[in-house]
Amino acid sequence: MSFVFRYPTKDITKNYDFFEAKELIGSLIGVQFLQADLFLQNASHHLVFDKRGKSKLIKKELGSERKVEEVHNKIKKRIVEDAPFLRLLGVFTAEGKLKTDKQDKFVQINKYLEFFSQSILSSNISDNFEVVDMGSGKGYLTFAMYDYLTRILGKKAKVKGIEYRQDMVDLCNNLSKTAGFEGLSFVQGTIENAEMNSSNVLIALHACDTATDEAIFKGIKANAQIIMVAPCCHKQIRKQIKPQDELNLLTKFGILEERLAESLTDLIRALILEAYGYQTKVFEFINSEHTPKNLMISAVFRGLDEHKRIEKLNEVKALKSRFGINFHYLEKLLGD
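Residues numbered from 1 in each chain as written. Predicted model: local features only at pLDDT ≥ 70, side-chain atom pairs only at ≥ 80, totals over all residues. Heavy atoms only, no water.

**Q** How should I be thinking about the environment of Ala194 in this particular structure?
**A** Tracing the sequence through the fold places Ala194 in the loop between β8 (184-188) and β9 (201-208). Its relative accessible area of 6% is what places Ala194 among the buried residues. Separated by 21 residues in sequence, Ala194 and Ala215 have C-alpha atoms that sit 8.8 Å apart. Sequence-distant contacts of Ala194, that is, excluding residues within four places in its chain, are made with Met134, Ile162 and Lys218. (Helix = DSSP H or I, 4+ residues; strand = E, 2+ residues; numbered from the N terminus. Buried < 20%, exposed > 50% of the residue type's maximum accessible area, 1.4 Å probe, protein only. Contact = heavy atoms within 4.5 Å.)

**Q** Mind showing me how you'd approach the sheet that holds strand β5 (residues 55-61) here?
**A** Sheet strands line up and pair through hydrogen bonds in the backbone, either parallel or antiparallel. Reading across from one edge, β3-β4-β5 is the order of the three strands in this open sheet, with antiparallel pairing throughout. Both outer strands of the open sheet, β3 (35-39) and β5, are each paired with one neighbouring strand and no more. The mean inter-strand angle of the sheet, taken between neighbouring strand axes irrespective of direction, is 15°. The pairing of strand β4 (residues 43-49) with β5 spans seven bridges and is antiparallel. Residue pairing in the sheet places Leu47 in a bridge with Leu57 of β5. (Pairing = 2+ DSSP bridges. Axes fitted to C-alpha atoms, helices over the stretch in contact; angles between N-to-C directions.)

**Q** Which parts of the structure should I look at to understand the environment of Leu98?
**A** Tracing the backbone shows Leu98 in the loop between α2 (84-88) and α3 (103-122). Spatially, the C-alpha atom of Leu98 lies 8.0 Å from that of Asp82, the residues being 16 residues apart in sequence.

**Q** Can you walk me through the packing of aromatic side chains in this structure?
**A** For any pair of aromatic rings, geometry is given as the distance between the ring centres together with the angle between the planes. All told, the structure shown has 13 aromatic pairs when counted by the stated rule. For the ring pair Phe3 and Phe5, a centre distance of 6.1 Å and an interplane angle of 15° mean the geometry is stacked. We note that Phe3, like Phe5, is buried. Aromatic side chains Phe92 and Phe106 sit 5.3 Å apart centroid to centroid with 85° between the ring planes, which places their arrangement in the edge-to-face category. Remark: Phe106 occurs in helix α3 and Phe92 occurs in the loop between α2 and α3; sequence separation between them is 14 residues. Residues Phe92 and Phe106 agree in their burial class; the two are buried. Each residue in the set Phe85, Phe143, Tyr146, Phe181 and Phe186 is aromatic and connected to the rest through ring pairs, giving one cluster. Here Arg309 stacks its cationic end above the ring of Tyr276, 5.0 Å away from the centre of that ring. Above the plane of the ring of Phe327 lies Lys332, whose end atom (NZ or CZ) is 5.1 Å from the centre. (Phe/Tyr/Trp six-rings, centres within 6.5 Å; stacked < 30°, edge-to-face > 60°. Lys NZ or Arg CZ within 6 Å of the ring centre and 35° of its normal.)

**Q** Got a minute to help me understand a nonpolar patch on the surface in this structure?
**A** On the surface, Met1, Phe18, Phe19 and Ile25 cluster together to form a nonpolar patch covering roughly 460 Å² of accessible area. Mapped onto the elements, Met1 comes out in the segment before β1 (2-6). A residue is classified by how much of its surface remains accessible, and Met1, at 52% relative accessible area, is exposed. (Patch = residues over 30% accessible without salt bridge, like charges linked within 9 Å, V, L, I, M, F, W, Y side chains within 5 Å. Areas by Shrake-Rupley, 256 points an atom, 1.4 Å probe, with all protein chains shown as cover. Salt bridge = Lys/Arg side-chain N within 4 Å of Asp/Glu carboxyl O.)

**Q** How do you make sense of the layout of surface pockets when you look at a structure like this?
**A** A water-sized probe rolled over the atoms picks out the places where empty space is left. Approximately 370 Å³ is the volume found for the second largest pocket. Lining the second largest pocket are 14 residues, with Ile25, Ile29, Gln35, Ala36 and Asp37 positioned closest to its centre. At the level of elements, α1 (18-28), β3 and β4 are the ones that each hand at least two residues to the lining of the second largest pocket. It is β3 that contributes the most residues to the lining of the second largest pocket, five residues altogether. (1 Å grid on protein atoms, 1.4 Å probe; cavity = no way out; pocket = protein on both sides within 12 Å on 5 of 7 lines; lining within 4 Å. Points joined across faces, edges and corners; volume = space filled by probe spheres on them.)

Shown next as structure tokens:
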């Protein structure tokens, strides 16, 4: 039997035979550990001790038998595996083998779909998804979204990728036709000039500098239910930063000034989204070993609240004052 002892700074794993393990458990429970859980296929047992050493055992029968994994290695849970569109995009070979140089992309696709699915569950959209992916590139995530919505969730969906490079647009449209994705299309254009129409989901991954602000602005103005952006190249705020007092030390070293600019830029974006009625999360999209541009801002519309709007905009104002920022581009686009 394998025991994992968890400490604040390390974990220690030790293996014991059955009789050693039984003796060890007997010496630990009720002494160092005052609670214990035993999970069986048909029931769960919960043992608890009070401060006086009195114990209570609670047994809960299960309605159905608990599934037991018999493999030694932990199976990775992925939303999409070897789907046909991944072969068309060159992530998998024609024989269904993941290409070595596409492993990071495959991880990114699945991680993105994981967060995308969470946003869907938190939103009020139940069907008829109309998605715009601004700056879709080769369309890895655009294809993945369409496949997830239609094949996995069985929903009606129209997904449109907007890409500046015409060769990428032509390539993706041809691949979409080959895949039989009738509701997936790509058009040539920029984020600045993109039309949202009735779209209820906006995606913009790695939109450079103020292009992220333009994408968020388009989503807010279109009353999109879900806005997901992965920012990069934060230049606009960095040019303005002049922190007051001892905070000026944060700009002493270039790398720290750069990170400060990134943090302030994305914090203000998140606060503005909250001001406009969005429940907003900022998190690491994927490990930095897979891509250095790994921050995600995810926002789901919850409804406007004038009191909260004023509160969040005042927080933005205070940040700007504290760090000597004249304006944030998203704020300027919205006219706040």
